[in-house]
Amino acid sequence: MALRSPIYLAGAFLTLAIAYSFYFNIAVRVDPDSAQARFDWLIERNAEKRAAIHGERALRLRAGDGETTEDLAGMMLQLADAQFARRRFERAAELYREALATDAANVLSGRKRAAFENKLARSSLLSGDIEAAVAIYASFLELAGDNASRGEIEDPSTLSAYYAIKVGEAEKLFAEALNHAKPYELIAGAREEQLATTKNMALLGSFFAMRDEGAYAAAGLLSSAYHIRRKLLGVDHQDTVQLTLVLGPVYTNMGRLDDAERLYLDAFHAQEEIKGANSPDLSLYIKLLTSVYEKQGRLTEAQALQEHMRRLFRDAFGSQRYAVNRERDRREDINRPVSQQFLLEKAYSPSDLVSAAEFTIPTAKSPNIDEMKLRLAGDTNADPREANLPVRLAQLISLCRSESGERISLRSGYRSYDTQSVLYRRNLDRGTVTPPGMSEHQTGLAADINVNDRFMRPSDKSFQCFEENAYRFGFILSYPPNNNYLPGQDPYEPWHWRYVGVSTAHLYREAGPHHKPQEFLAALPCYQERAANGIFPTIGEEDICLAEQPHVAAAANQESDVQPDGEDRSTARILNKISGTR
């Protein structure tokens with residue numbers, strides 16, 4: 001047999017190749033199995049961008065053959081990933097949404113489903129569907145529970161931590177998607193749907209506001225929520241006013257003082273209409289406005305506001321409001337400072353602990369454990385059944401539960417030095433537990449508050465109620481934004497309220513340095529002495545009480561790297577003795 005020429009063989013091979021190519025291209029266009037095979041082959045080789053074309057064709061062909069969304073859910077999720085890689089975010093979001101709505105998606109593990117929901121949220125956000133994105137991430141925050149309340153995640157392996165982490169990773173996307181200087185406008189949806197979106201925006205904005213780099217995302221979300229509520233509900237509605245307490249500090253920290261001023265003025269006038277022009281409860285908004293005016297250099301206006309608040313307090317509480325219980329409070333440590341600058345002795349233990357449940361305080365844990373106890377801290381020469389810490393906390397919780405409609409409970413009260421040591425060692429590398437000796441819980445005077453079964457957050461209506469009213473019951477916020485009282489990256493604790501006595505809480509609201517409670521408590525004898533004689537700090541002038549005790553300012557500015565045991569406490573003991581505590 002004669003050998004065939006190379007040209008003949010090459011021609012035959014080329015003919016076969018052309019025929020196969022023609023057949024293949026026809027097959028992947030008309031045969032769903034072939035299109036699916038091509039899609040799968042490209043996915044395995046991480047060629048998602050090329051795979052998406054074949055995936056869309058396979059999906060269309062299979063749907064044309066009668067396969068349902070339930071049958072195709074798995075493939076749709078793969079295709080959505082491919083479209084996301086192509087930056088076809090709107091199509092990716094559509095696919096994720098349809099697939100996750102099927103019963104077939106319910107067989108996914110909790111982590112896998114959360115991962116796809118996160119991709120849906122990111123696709124929605126990147127395609128401009130802000131409402132869908134905030135709805136998903138707000139639901140993540142609710143599922144995250146306490147992990148969405150702290151700056152550090154206690155156990156990153158849990159599903160709740162995963163939710164909080166994914167929301168945190170979306171921060172930059174929200175900062176880019178929303179212009180913090182121009183609120184986002186909702187152009188569609190019924191009134192109730194738009195209000196639901198503002199609730200989601202407030203949740204997310206409050207979360208980002210507590211993060212070091214979250215100001216721009218927080219401002220974009222919160223300002224949008226505020227603008228929408230103001231338009232739909234009015235400037236004087238309590239849901240609109242509530243956002244003031246979260247957005248105002250964000251604006252202040254960003255240097256947007258004029259915007260903060262407008263917010264606080266509107267909130268002040270709104271509350272003035274409700275509470276009356278002579279109500280001391282206006283003091284919170286007066287305090288906030290005063291702080292802004294002081295930063296703006298408008299000292300005369302700031303001083304005028306301070307004088308107005310002083311008149312409100314004098315009329316409401318009497319001219320001798322700071323002349324009682326001073327010695328008793330110092331003697332019994334009711335108002336001693338506690339922080340990494342003012343440490344408690346290891347042997348310190350209160351002698352008047354009582355069960356919170358006995359005073360009808362709702363508890364988040366078994367009422368029989370020590371952590372559900374508080375100090376009685378009863379007033380001298382008063383009915384101990386009425387004038388004490390537990391009764392006042394029960395009254396405050398009852399008031400705020402009624403105003404907010406939220407479930408409020410005591411999460412943590414007294415913790416001994418030894419208990420704090422155990423918790424600290426267990427969480428040492430996470431920075432979420434205060435080292436022993438620094439915790440106000442050791443005094444039995446501190447109460448961590450739960451709202452709806454997790455830590456209180458600034459976005460809660462209950463937080464607004466506590467901010468406005470806690471001082472009337474003797475409580476102050478111990479760890480406000482931007483404090484340096486505790487070690488760790490984020491010592492702000494909106495859930496931690498400390499009992500200092502009614503008189504001291506009034507004085508702190510009226511005359512204390514804004515958001516400096518530990519400095520105030522350390523210099524308290526000076527503030528009390530001057531206030532009893534009608535002498536109060538003047539805006540723009542040096543605070544005599546802080547200036548006369550330079551150790552207070554020094555302690556407040558020092559850095560501390562305290563170990564749980566064996567640390568040098570000599571400085572703290574000296575400071576506590578100088579400040580009139582033991």
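Each chain carries its own residue numbering, running from 1 in the written order of its sequence. Since the coordinates come from a predicted model, pLDDT governs what is reported: local features require at least 70, and pairs of side-chain atoms require 80 or more to be given and counted, while whole-chain, interface and lining totals use all residues. Only hydrogens and water are set aside; all other atoms, that is, all heavy atoms of the structure, feed into the side-chain values.

Quick look at the overall build of the protein
A run of H or I in DSSP becomes a helix once it reaches four residues, and a run of E becomes a strand once it reaches two; helices and strands are each numbered from the N terminus. Secondary structure assignment for the protein yields 25 helices and seven strands. Throughout this description, buried means an accessible area under 20% of the type-specific maximum (1.4 Å probe, protein chains only), exposed means over 50%, and partly exposed covers the range between. Counting all 582 residues of the protein, 53% fall into the buried class. Counting only contacts in the protein whose residues sit at least 6 apart along the sequence, the fraction spanning at least 24 positions is 68%. Residues are treated as being in contact if the distance between any of their heavy atoms lies within 4.5 Å.

Here's the deal with the packing of aromatic side chains
Here a Phe, Tyr or Trp ring, Trp counted by its six-membered ring, pairs with any other such ring whose centre lies within 6.5 Å, and the pair is stacked when the planes are under 30 degrees apart, edge-to-face when over 60, and tilted otherwise. By the definition in use, this model includes 16 aromatic pairs. With a centroid separation of 5.1 Å and an interplanar angle of 45°, the aromatic rings of Phe520 and Tyr527 are classed as tilted. Each residue in the set Tyr137, Phe140, Tyr163, Phe174, Phe207 and Phe208 is aromatic and connected to the rest through ring pairs, giving one cluster. Over the ring of Phe455 we find Arg411; its NZ or CZ atom is 3.9 Å from the centre of that ring. Look at NZ for Lys and CZ for Arg. If either is within 6 Å of the ring centre and within 35 degrees of the ring normal, a charge sits over the ring.

So, the pairing of strand E3 (residues 408-412)
The side chains of a regular strand alternate between the sheet's two faces. Within E3, five of the five residues are buried, which leaves the element mostly enclosed by the surrounding structure. Pairing between two strands requires that DSSP report at least two bridges joining them. With four bridges joining them, E3 and strand E4 (residues 446-451) adopt antiparallel strand pairing. By the bridge assignment for E4, Ser412 is matched with Asp448.

A closer look at the layout of surface pockets
Computed from the structure, the second largest pocket encloses a volume of approximately 530 Å³. If you trace the second largest pocket, you find 26 residues lining it, with Ala209, Asn253, Pro481, Asn482 and Tyr492 closest to the centre. Among the secondary structure elements, those contributing two or more residues to the lining of the second largest pocket are helix H10 (191-209), helix H12 (238-254) and helix H19 (461-469). Broken down by element, the lining of the second largest pocket gets its largest block of residues, six residues, from H12. Its residues assigned to classes, the lining of the second largest pocket comprises 15 nonpolar, seven polar and four charged. As defined here, a cavity is a set of points on a 1 Å grid over the protein atoms alone where a 1.4 Å probe fits but cannot get out. A pocket is an open set with protein on both sides within 12 Å along at least five of seven lines, and residues line them when an atom is within 4 Å of a point. Grid points are joined across faces, edges and corners, and a volume is the space filled by probe spheres set on the points. Under the scheme applied here, ten amino acids are nonpolar (Ala, Val, Leu, Ile, Met, Phe, Trp, Tyr, Cys and Pro), four are charged (Asp, Glu, Lys and Arg), and all others, including Gly, are polar.

A look at helix H4 (residues 69-85)
Taking 1.5 Å of rise per residue, the 17 residues of H4 would be expected to cover 24 Å, and the 22 Å separating its terminal C-alpha atoms lies within 8% of that figure. Where H4 is buried, its residues meet helix H2 (32-44), helix H3 (48-64), helix H5 (89-100) and helix H6 (110-126). To estimate how far a helix should reach, multiply one less than its number of residues by 1.5 Å.

Section: the packing of H10 against helix H11 (residues 215-233)
Interhelical geometry of H10 versus H11 gives an angle of 150° and a closest axis separation of 8 Å. One finds that H10 runs roughly antiparallel with respect to H11. At the point where H10 passes H11, the crossing takes the left-handed sense. Residues Arg191, Gln194, Leu195, Thr198, Lys199, Met201, Ala202, Leu204, Gly205, Ser206, Phe208 and Ala209 of H10 lie in contact with H11, whose contacting residues are Ala215, Ala217, Ala218, Leu221, Leu222, Ser224, Ala225, Ile228, Arg229, Leu232 and Leu233. For the contact of H10 with H11, the per-class residue count stands at 15 nonpolar, five polar and three charged. Geometry is summarised by axes, namely lines fitted to C-alpha atoms with helices restricted to the contacting stretch, and by angles between N-to-C directions that run from 0 to 180 degrees. Angles are sorted into four bins: roughly parallel if under 35 degrees, roughly antiparallel if over 145, roughly perpendicular if 65 to 115, and oblique for all others. Two helices crossing with the near one rotated counterclockwise from the far one by less than a right angle form a left-handed crossing, whereas a clockwise rotation gives a right-handed crossing.

As for the state of the cysteines
A pair of sulfur atoms, both from cysteines and within 2.5 Å, is called a disulfide here. Counting across every chain of the model gives two disulfides. Covalent S-S linkage joins Cys400 and Cys465, the inter-sulfur distance amounting to 2.1 Å. One disulfide, between Cys400 and Cys465, carries an S-S torsion of -80° and so falls in the left-handed class. Residue Cys400 is located in helix H17 (residues 389-404), and its partner Cys465 is located in helix H19; the two are separated by 65 residues in the primary sequence. At a sulfur-sulfur separation of 2.3 Å, the disulfide partner of Cys526 is Cys545. What sets the handedness of the Cys526 and Cys545 disulfide is the S-S torsion sign, and at about -80° it is left-handed. Highlighted residues: Cys526 in helix H22 (residues 524-532) and Cys545 in helix H23 (residues 544-547), separated in sequence by 19 residues.

A closer look at the pattern of salt bridges
By definition here, a salt bridge exists when the distance from a side-chain nitrogen of Lys or Arg to a carboxyl oxygen of Asp or Glu is within 4 Å. Taken as a whole and assessed by the stated rule, the structure comprises 34 salt bridges. As a salt-bridge pair, Glu169 and Lys166 come within 3.2 Å of each other at their nearest N and O atoms. Of this pair, Glu169 and Lys166 both sit in helix H8 (residues 159-169), separated by three residues, roughly a single helical turn. In this structure Glu169 comes out as partly exposed when scored by relative accessible area, which is 42%. Among the salt bridges present, the one from Glu301 reaches Arg298, with a minimum N-O distance of 2.8 Å. On the basis of relative accessibility, which here comes to 37%, the residue Glu301 falls in the partly exposed class. We classify Arg298 as partly exposed; its relative accessible area is 24%. Through salt bridges with shared partners, one network takes in Glu307, Arg310, Arg321 and Glu510.

Remarks on empty space enclosed by the protein
Under the counting rule described, the total for this entry stands at four cavities of 30 Å³ or more. Estimates place the volume of the largest cavity at around 270 Å³. Around the largest cavity, the lining is made up of 18 residues, and of these Leu284, Glu467, Tyr508, Arg509 and His515 lie nearest the centre. Those elements giving two or more residues to the lining of the largest cavity turn out to be helix H14 (283-296), H19, strand E6 (475-477) and helix H20 (502-511).

As for the confidence of the model for the protein
Within the protein, residue pLDDT values average 86, and 85% of them lie at 70 or more. pLDDT is a residue-level measure of predictor confidence that goes from 0 to 100. Here residues 19-24 is modelled with pLDDT under 50, and outside its nearest four sequence neighbours on either side it reaches one contact, counting other chains as well. Low confidence marks residues 553-564, where pLDDT is under 50. Its contacts with residues over four positions away, or in another chain, come to 18 contacts.

What about the environment of Phe536?
Of note, Phe536 is situated in the loop between H22 and H23. Overall, the relative accessible area of 12% leaves Phe536 in the buried class. Here the alpha-carbon distance between Phe536 and Ala511, two residues 25 residues apart in the chain, equals 6.4 Å. With sequence-adjacent residues up to four places away left out, Phe536 is seen in contact with Arg310, Arg321, Tyr322, Leu507, Glu510, Ala511 and Ala531.

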